[in-house]
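# Fold and contact review
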Amino acid sequence: MMPIVPCATPYAYRNKMEFSYGTKKWKSKGLFVSPKLEDVNESGPKLEFALGLHAPGRFDKIMPIHNCLLQHDVSNQVLKLVQDHGERHLEELPPYDVRTHEGFLKHLTIRSGRDCETGQLQLMVNFVTKGDKKDLLQPLVDQITTSFPQVVSIVNNVNSAVGPSSIVDKEHVLYGKAYITERLRGLVFEISANSFFQTNTSQAEVLYQKVEEQCALKGDGSEVLLDLFCGTGTIGLSMAKRVKHVYGYELVQEAVVDARRNAARNGIQNATFIQGDLNKLTDEFGKDFPRPDVVITDPNRPGMHIKLIKYLLQLRARRIVYISCNPATCARDLDLLCHTGDEGVESPTRYRLVHVQPVDMFPQTPHIECITTLELCE
């Protein structure tokens, strides 16, 4: 267990913030107290405009955020403009009500990147709406683009689901490009509205350097690297020059398209990216790539499915580097890889945990990113 790697920039480090719309503001007198009686009148619930973050423990109440210290100052100015516009146009652009499932505006996502030629700030604004009525947003789009030249992309994602689903039914580019760019470890990456990209760009440089160290690559171009949950391909592409071939798997089709485009943009020809659900493996999985020497896996908070763990035990790569933002599910999965026989995992293969490196990717929060390294027990 290594000491936690601290983050040098504890504020304004996030390149992506998602805010929620709602019809109820969280009212507080310095403490998070119960909803006030005046929220309800004789004619029923009072309609309000709210845009911010969810109050702790409440899915239906929104804390208005006017100055988020975790995102860029220009992003805060965009947020304020959108809030002011929403307050003035409540009837034309009604916020979504999670109880009645009525309304139009569901979420606002602001992403930041850099122009890779000039290094100047780039912003993407993404409006997630219940219905497909993009023309309703045009006056707001015009106001944003007139006020902020840093905004180079405005997108409308249509999401008709009544629950907290991230599945997008349709995407409209309302202004500019469908992506912004960012430079990471000497490579240029295109980031679209629904692609995963590490939210702390500067600390991602540190994280990926540590990951490469733990892969212990020979560097002679003889090895095959399998990158699971690869997102836009950032990790695998940053190591492509040291291996024979990189194979990346990712569920989100838009991210796979980005990964392929990022490989082409950086002149990388020894990388293949495949769309697939790693929680629903079939017998065909693994037939489109050779046996890897090293596996990198970077699942989301629920961790890896038991089918994927069984597959990794059959694969017998000499080293697995597991990146996790949830130590609890990471520990569960490592236990199965290192102590086979539990949870119905019967396998002669076992791994040995040799290294744990926590990295502070999320200052001001209790969350931590961990790089854990497993070696095959011969």
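Throughout what follows, the structure given in this document is the object of discussion. None of these values were measured; they are calculated from a predicted model.

## Describing the overall build of the protein chain
A count of helices and strands for the protein chain gives seven helices and 19 strands. For the protein chain, whose C-alpha radius of gyration is 22 Å, the value lies close to the compact-globule estimate of 21 Å for 378 residues. Along the first, second and third principal axes, the C-alpha set of the protein chain runs to 70 × 45 × 40 Å. Within the protein chain, contacts between residues at least 6 apart in sequence are counted, and of these 68% link residues at least 24 apart. Working note: accessible area of the protein chain is about 17,600 Å², and carbon and sulfur atoms make up 53% of it.

## Some words on the pairing of strand E7 (residues 121–129)
Burial within E7 is extensive, with eight of its nine residues counted as buried. Examined bridge by bridge, strand E6 (residues 105–114) and E7 share nine bridges and lie antiparallel to one another. When the sheet's bridge partners are listed, Arg-111 is paired in E7 with Met-124. The turn linking E6 back onto E7 is made up of six residues, and Gly-119 within it adopts a positive phi angle of 80°. Relative to strand E8 (residues 151–158), E7 is paired through seven bridges, and the arrangement is parallel. Looking at the pairing, Thr-129 lines up with Val-158 of E8. In terms of handedness, the path from E7 via helix H2 (residues 138–147) over to E8 forms a crossover that is right-handed.

## Brief notes about unusual backbone geometry
Even without a glycine there, the phi angle at Ala-12 is positive, about 55°. Its location among the elements puts Ala-12 in the segment before strand E1 (16–22). Positive phi, close to 55°, is recorded for Arg-185, a residue that is not glycine. Tracing the chain through its elements places Arg-185 in the loop between strand E10 (179–184) and strand E11 (187–192).

## Notes on the sheet that holds E1
One open sheet accounts for seven strands, arranged E5-E4-E1-E6-E7-E8-E9; its pairing is mixed. The open sheet has two edge strands with one neighbour each: strand E5 (62–64) and strand E9 (170–176). If you compare each strand with its neighbour and ignore which way they point, the axes differ by 35° on average. When E1 meets E6, the two strands line up antiparallel, connected through five bridges. Directly across from Met-17, in E6, lies its bridge partner Ile-110. Against the sheet, helix H1 (residues 73–88) contacts E1, strand E4 (50–54), E6, E7 and E8, and its axis sits at roughly 35° relative to E7. In this fold H2 packs onto E7, E8 and E9, with an angle of close to 160° to the strand it touches most, E8.

## Details of helix H6 (residues 306–315)
Listed as buried for H6 are Leu-308, Ile-309, Tyr-311, Leu-312, Leu-313 and Leu-315. Positioned one or two residues after H6, Arg-316 has a phi angle of 60°, which is positive.

## With respect to the side chain of Glu-212
Looking at where Glu-212 falls in the secondary structure, it is placed in helix H3 (residues 201–215). Reaching out from Glu-212, the side chain makes a polar contact with the side chain of Arg-242 at a distance of 3.0 Å.

Conventions adopted
- Residues numbered from 1 in each chain as written.
- Predicted model: local features only at pLDDT ≥ 70, side-chain atom pairs only at ≥ 80, totals over all residues.
- Heavy atoms only, no water.
- Helix = DSSP H or I, 4+ residues; strand = E, 2+ residues; numbered from the N terminus.
- Rg over C-alpha atoms; globule rule 2.2 N^0.38 Å.
- Contact = heavy atoms within 4.5 Å.
- Areas by Shrake-Rupley, 256 points an atom, 1.4 Å probe, with all protein chains shown as cover.
- Buried < 20%, exposed > 50% of the residue type's maximum accessible area, 1.4 Å probe, protein only.
- Pairing = 2+ DSSP bridges.
- Right-handed = clockwise from strand over helix to strand, strands pointing away.
- Axes fitted to C-alpha atoms, helices over the stretch in contact; angles between N-to-C directions.
- Polar contact = N/O pair within 3.5 Å; in protein donor to acceptor, adjacent residues only side chain to side chain.

Geometry only, nothing functional implied.
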